[in-house]
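# Summary of structural features
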Amino acid sequence: MFIAIGGGSLREMTEVNDYIAAKLEYIRMQFERKPKILFLPQASFESKPYVNSFTREFGTRLKCKTTCALWAKGEMDFEHIKQKFEIVDCIYIGGGRYDVLCEQFEKMGIKKLIVDFYNRGGLIVGNSAGAMLMFESCVSDYKIMAGISDSYELADGYELADGYGLVKGCFCPHGNEQARIDYVAQNKLDCIVLAENEILEFD
């Protein structure tokens, strides 16, 4: 199962987080233990405040067992991260820069871990960049985030990028931003568009 989130601050999407936790409630009922969630924060440069927010929201408030895969500074190697994939019930891929997310996942070598987890029925949640990764293609603001373009209000600041293709179609996050909608319309893309704090579930 996959839940796409259109973006937004993790701390401000209480209802979305409640929905995710509810999807894991069967773990408490059937196995009499806390659901285990692995957070992948690579798109945010493994931001410590982002990790802390995730832990507070899902660990403290929603009473799940949270863990995090930290790679960039050498905290964990591939085998350590692989072991985490094998024991958790849910993978949460955080938001941030899509180009950085793809680059770091390539270095980490974890695409197969994500694909295998999804194919065996694990729940994957993707927020913004994390959701983009799961689709065949996505609308990316790479040029803007990389400083190549400052056209936040113009459609030419965006481009179509490839994803892992686990979910069919094209995905556009932050659908509340008019320039993204303009890009989709101008290029006649058949896109799934989600605004911030909006979600869509895929079996």
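Because the structure is a prediction, the values reported are computed rather than measured.

This brings us to the overall build of the chain. When helices and strands are counted, the chain shows 9 helices and 10 strands. The C-alpha radius of gyration computed for the chain amounts to 16 Å, which stays within 12% of the reference 17 Å derived for 203 residues, consistent with globular compactness. Along the first, second and third principal axes, the C-alpha set of the chain runs to 50 × 35 × 30 Å. Taking all 203 residues of the chain together, the buried fraction comes to 51%. Taken as a whole, the chain presents about 9900 Å² of accessible surface, with 49% of it coming from carbon and sulfur. With 23 positive and 30 negative side-chain charges, the chain shows a separation of 8 Å between the mean positions of the two kinds.

Here we take up the packing of aromatic side chains. What the rule picks out here adds up to 11 aromatic pairs. Measuring from ring centre to ring centre gives 5.7 Å for phenylalanine 39 and tyrosine 92, while their planes differ by 65°; the resulting arrangement is edge-to-face. Linking phenylalanine 39 in strand β2 (residues 36-40) with tyrosine 92 in strand β4 (residues 90-93), this pair joins segments that are 53 residues apart in sequence. These aromatic residues form a ring-pair network of at least three members: Phe39, Tyr50, Phe54, Phe58 and Tyr92.

Attention shifts here to the packing of helix α4 (residues 78-87) against helix α6 (residues 111-119). Following both chains from N to C, one finds α4 and α6 inclined at 10°, their axes separated by 11 Å at the closest point. When the axis of α4 is compared with that of α6, the two are roughly parallel. For the pair formed by α4 and α6, the contact residues are Phe78, Lys82 and Phe85 on the first element and Leu113, Ile114 and Phe117 on the second. Grouping the constituent residues of the contact of α4 with α6 by class yields 5 nonpolar, no polar and 1 charged.

Right, let's talk about the sheet that holds strand β1 (residues 2-5) for a bit. On the basis of which strands lie adjacent, the open sheet formed by 6 strands has the order β3-β2-β4-β5-β1-β10 and mixed pairing. Of all strands in the sheet, those bounded by a partner on one side alone are β3 (65-68) and β10 (199-202). Taken pair by pair, the neighbouring strands of this sheet meet at an average axis angle of 20°, ignoring direction. Two elements, β4 and strand β5 (residues 123-127), share 4 bridges in a ladder whose sense is parallel.

Okay, helix α1 (residues 14-23) next. Regarding α1, the residues found buried are Val16, Asn17, Ile20 and Ala21. End-on view of α1: buried residues confined to an arc of 135°, all on one side of the axis. Looking at α1, the residues exposed on the side facing more than 90 degrees away from the buried face are Glu15 and Ala22. Elements in contact with the buried residues of α1: β1, α2 (25-31), α3 (48-61), β4, β5 and β10.

It is worth spelling out the sheet that holds strand β9 (residues 191-193) at this point. The strand order β7-β6-β8-β9 describes an open sheet built from 4 strands, whose pairing is mixed. Each edge of the sheet is formed by a strand with only one pairing partner; in this case those strands are β7 (159-162) and β9. Going from strand to strand, the sheet's axes swing by 30° on average, the running direction of each strand aside. With 3 bridges connecting them, strand β8 (residues 167-172) and β9 associate as parallel partners. Across the sheet, the residue bridging to cysteine 172 is valine 193, located in β9.

Below, the discussion takes up the side chain of serine 53. Among the structural elements, serine 53 can be located in helix α3. A relative accessible area of 7% means that serine 53 is categorised as buried. With residues up to four places along the chain from it excluded, the contact list for serine 53 reads Leu10 and Arg11.

Conventions we followed
- Each chain has its residues counted from 1, following the order in which its sequence is written.
- At least 70 in pLDDT is required for a residue's local features to be given in this predicted model, at least 80 for side-chain atom pairs to be given and counted, and no such filter applies to totals for whole chains, interfaces and linings, which use all residues.
- To get the side-chain values, take all heavy atoms of the structure and skip hydrogens and water.
- Under the DSSP-based scheme used, a helix requires at least four consecutive residues in state H or I and a strand at least two consecutive residues in state E, with every element numbered from the N terminus.
- Radius of gyration: C-alpha atoms only; globule rule: 2.2 Å multiplied by the number of residues to the exponent 0.38.
- Three labels apply to residues, based on accessible area from a 1.4 Å probe with only protein chains included: buried if under 20% of the type maximum, exposed if over 50%, partly exposed otherwise in between.
- Accessible surface area values rest on a Shrake-Rupley calculation with a 1.4 Å probe, where residue burial reflects the displayed protein chains alone.
- Counted as positive: Lys and Arg. Counted as negative: Asp and Glu, with His and the chain ends omitted from the count.
- The atom standing in for a charge is NZ when the residue is Lys, CZ when it is Arg, CG when it is Asp and CD when it is Glu.
- Within 6.5 Å between ring centres, the rings of Phe, Tyr and Trp (the latter by its six-membered ring) count as paired, and their orientation is classed by plane angle as stacked under 30 degrees, edge-to-face over 60, tilted in between.
- Inter-axis angles, ranging from 0 to 180 degrees, are taken between N-to-C directions of lines fitted to C-alpha atoms, where helices are fitted over the stretch in contact.
- Put simply, angles under 35 degrees are roughly parallel, angles over 145 are roughly antiparallel, angles from 65 to 115 are roughly perpendicular, and the rest are oblique.
- Any two residues having at least one pair of non-hydrogen atoms within 4.5 Å are treated as being in contact.
- Lys, Arg, Asp and Glu make up the charged group, whereas Ala, Val, Leu, Ile, Met, Phe, Trp, Tyr, Cys and Pro make up the nonpolar group; the residues left over, Gly among them, are polar.
- Any two strands between which DSSP finds at least two bridges are classified as paired.
- Taken from the helix axis, the directions to the C-beta atoms give the arc we talk about.

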